[in-house]
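# Per-entry structural report
Take a look at the letters that make up each chain.
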Amino acid sequence: MSAKAPCAVVLHGGSWQVSRLAEQGCLNPYPAARGYGVVTVDDRLAPQWRFPANRDEVTDAINSLKTRATEFGIDPERLALAGRLAGDQLDLLTAYASGDPAIKGVVAWYAPTDRAVACQPPGDPAVISARGFFKTYLALSLDEAPALYEAASPLNAVAAKTVPILLVHGEQDEFVSPAQSAPLAAKLAVPACQSIALGNPWL
């Protein structure tokens, strides 16, 4: 890896309750082989730790990474965040809410972006209901704490100026409905469900 390499900060899935760092092994070598530094964050888990503790931990990890940028040979002003499932909620919130100019973009695989919508019974019986996952993560139900669910939804953190994002979502996803990515794409004025030929999404 060359000096001052851009760095991908990767967050794992696991419904905010399980660490799935091992699953990143098949993905992380791709950006690493193309000149990126790659760092994986293992955040604290629910129910012992609940939102916003893990979001704040991601911010702390990024700040720590910046202070050690020279040691790791990375450029502290060129960071990209990437995640899967629960990791998407954390990387999107961090990128949108922090206003950190060092975060240049986000790659989100099947992101849960709207907590309130996700807690509704899925229209497709094949799609898993997320209501229990969110209650464990947020400690309260949607009816008990609607403002908390809004604060934990990346969709509500989009501002007039935000970082570029690559949204990837399968139309037949049975865990996170594609309806979770479509509103975010629309809010960012990106055509939803558009098939495009990608070269290197990390560049």
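### So, the sheet that holds strand β3 (residues 74–84)
Strand order in the open sheet made by the five strands is β2-β1-β3-β4-β5, with parallel pairing throughout. Each edge of the open sheet carries a strand with a single partner, namely β2 (37–41) and β5 (165–168). Taken over all neighbouring pairs, the strand axes of this sheet differ in orientation by 20° on average, direction set aside. For strand β1 (residues 5–11) and β3, the ladder comprises six bridges, and the chain directions are parallel. Bridged to Leu11 within β3 is Gly83.

### Comments concerning the pairing of β1
Within β1, seven of the seven residues are buried, leaving the element largely enclosed by the surrounding structure. The sheet contact formed by β1 and β2 spans five bridges and is parallel. Among the inter-strand pairings, Ala8 is bridged to a residue of β2, identified as Val38.

### Digging into helix α2 (residues 53–67)
Look at α2: 21 Å from first C-alpha to last across 15 residues, which is about the 21 Å you get at 1.5 Å a residue. Where α2 is concerned, the buried positions are Ala53, Asn54, Glu57, Val58, Ile62 and Leu65.

### Some points on the environment of Tyr137
By the secondary structure assignment, Tyr137 is in helix α6 (residues 131–138). With 15 residues separating them in the primary sequence, Tyr137 and Ala152 have C-alpha atoms 10.0 Å apart.

### Here we look at the pattern of salt bridges
Under the defined criterion, the tally for this structure stands at four salt bridges. Among the ionic pairs, Arg68 bridges to Glu71, the shortest N-O distance being 2.8 Å. On the basis of relative accessibility, which here comes to 37%, the residue Arg68 falls in the partly exposed class. A relative accessible area of 54% means that Glu71 is categorised as exposed. Put simply, Arg78 and Asp75 hold a salt bridge, and the shortest N to O gap is 3.0 Å. Asp75 sits in the buried class, given a relative accessible area of 12%.

### Quick word on the confidence of the model for the protein chain
Looking at the protein chain, pLDDT values average 76 and 75% of them are 70 or higher. No element of the protein chain has a lower mean pLDDT than helix α5 (residues 115–118), at 54, and none a higher one than helix α3 (residues 69–72), at 93. Confidence drops under a pLDDT of 50 for residues 191–203, and excluding neighbours within four residues, the segment shows 16 contacts in the predicted structure.

How each quantity is defined
- Sequence order as written defines the numbering, with residues in each chain counted from 1.
- At least 70 in pLDDT is required for a residue's local features to be given in this predicted model, at least 80 for side-chain atom pairs to be given and counted, and no such filter applies to totals for whole chains, interfaces and linings, which use all residues.
- Only hydrogens and water are removed before side-chain values are computed, so all heavy atoms of the structure are retained for them.
- Only when DSSP finds a minimum of two bridges between them are two strands counted as paired.
- Runs of H or I in DSSP of at least four residues are treated as helices and runs of E of at least two as strands, each being numbered from the N terminus.
- Every axis corresponds to a line fitted to the C-alpha atoms, with the helix fit spanning only the stretch in contact, and the corresponding angles, defined between N-to-C directions, vary from 0 to 180 degrees.
- Burial status follows relative accessibility: with a 1.4 Å probe on protein chains alone, a residue under 20% of its type maximum counts as buried, one over 50% as exposed, and anything between as partly exposed.
- A helix is expected to span 1.5 Å multiplied by its residue count minus one.
- Basic side-chain nitrogens of Lys or Arg form a salt bridge, by our definition, when they fall within 4 Å of a carboxyl oxygen of Asp or Glu.
- Confidence scores here are pLDDT values: one per residue, from the predictor, ranging 0 to 100.
- Every residue pair with non-hydrogen atoms within 4.5 Å of one another is taken to be in contact.

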